[in-house]
Amino acid sequence: VKKGGTVADIGCDHGLLSIWLVTSGTCKKALACDLRPGPLAVAKKNCRAYNCEQLVDCRLGEGLSVVAEHEADTIVVAGVSALTISQIIEAAPWVYSPGVRLVMIPATKPEVLRRWLWQQGFALKKERLAGVAGRWYTAICAEYTGAAHEPSALACVVGATHGQPAQKAYLAQERVKLAKCRIGLADDSEEAAQADALLNALQ
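Right, let's walk through the structure included here. Just so it is clear, the model here is predicted, and its values are computed rather than measured. (Residues numbered from 1 in each chain as written. Predicted model: local features only at pLDDT ≥ 70, side-chain atom pairs only at ≥ 80, totals over all residues. Heavy atoms only, no water.)

### Observations regarding the sheet that holds strand β2 (residues 29-34)
- Strand order in the open sheet made by the seven strands is β3-β2-β1-β4-β5-β7-β6, with mixed pairing throughout. With partners counted over all chains shown, the strands left at the sheet margins are β3 (56-60) and β6 (122-132), one partner each. Strand-to-strand twist across the sheet, computed as the mean angle between neighbouring axes with direction ignored, equals 15°. (Pairing = 2+ DSSP bridges. Helix = DSSP H or I, 4+ residues; strand = E, 2+ residues; numbered from the N terminus. Axes fitted to C-alpha atoms, helices over the stretch in contact; angles between N-to-C directions.)

In structure tokens, the structure reads:
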């Protein structure tokens, strides 16, 4: 996230990320947003427990509809599908602006999210891999540049994970997932040929 700025945590759940960002001094303010009243009530309770109610603004609403333009310079969307992340971003046109940073942790199909980001004109600034409960996830940092392009299938799988110690394990995981998808494809189909080429590239 941008240091010293305001972060909007979309789908904040218990609010602990927002609380950590402000109490650690990483961000000066956080907007903890959630669609569900129950989790937001827990977030408010946690803010009181950590004595940071003045630094974390808990908001009830869908996606970025409760965040105004220029209110936050970093937007975090974590723990939901690639499709959900893209829908949240797409519904807020002001995010398509240089200076707004996106930090996303897709629960599924990071390759789909990367393709969508590139097609929309976002640049991948950095990724960080993390292993949790035997599975690898990636935190993707992106910013809008307007330079849209159509990426290769390999680029969508690899992303900006180059140089990370965990990349080999992460790509091995992605190869297993791709191999399972390949089983359901007809051998003479174009999709199967594309899958085979990608599997070979990931070896």
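Anyway, onward from the coordinates.
### Description of the side chain of Ser189
- Residue position: Ser189 is located in the loop between α6 (167-183) and α7 (190-201).
- Among the residues examined, Ser189 registers a relative accessible area of 18% and is labelled buried.
- Reaching out from Ser189, the side chain makes a polar contact with the backbone oxygen of Ala186 at a distance of 2.7 Å.
- At 3.1 Å, the side chain of Ser189 and the backbone nitrogen of Ala192 are in polar contact. (Buried < 20%, exposed > 50% of the residue type's maximum accessible area, 1.4 Å probe, protein only. Polar contact = N/O pair within 3.5 Å; in protein donor to acceptor, adjacent residues only side chain to side chain.)

### Side note on the packing of aromatic side chains
- One pass over the structure, following the stated rule, counts four aromatic pairs.
- An aromatic cluster of three or more residues is present, and its members are Tyr96, Trp116, Phe122 and Tyr144. (Phe/Tyr/Trp six-rings, centres within 6.5 Å; stacked < 30°, edge-to-face > 60°.)

### Describing the nonpolar core
- One finds Ile10, Leu64, Val67, Ile75, Val95, Met104 and Leu117 to be the most contacted residues of the largest nonpolar core, which totals 28 residues.
- Among the secondary structure elements, those contributing two or more residues to this core are β1 (6-10), β2, β4 (74-80), α3 (82-90), β5 (101-106), α4 (110-120), β6 and β7 (135-144).
- The contacts of Val67, once residues within four sequence positions are left out, are Ala8, Ile10, Leu31, Cys33, Arg59, Ala72 and Trp94.
- One finds Leu21, Val22, Ala30 and Cys52 within the second-largest nonpolar core, a separate group that totals 16 residues. (Core = buried A, V, L, I, M, F, W, Y, C linked by side-chain atoms within 4.5 Å. Contact = heavy atoms within 4.5 Å.)

### Structural notes on the packing of α6 against α7
- Remark: α6 packs on α7, axes separated minimally by 10 Å, with the N-to-C direction vectors making an angle of 155°. Judged on the interaxial angle alone, α7 and α6 are roughly antiparallel. When the axes of α6 and α7 are compared, the crossing they make is left-handed. Contacts between α6 and α7 involve Arg175, Leu178, Ala179 and Arg182 from the first element and Ala192, Ala195, Asp196, Leu198 and Leu199 from the second.
- Classifying every residue of the contact of α6 with α7 by side-chain character gives six nonpolar, no polar and three charged. (Parallel < 35°, antiparallel > 145°, perpendicular 65-115°, else oblique. Left-handed = near helix turned anticlockwise from the far one by under 90°. Nonpolar A, V, L, I, M, F, W, Y, C, P; charged D, E, K, R; others polar.)

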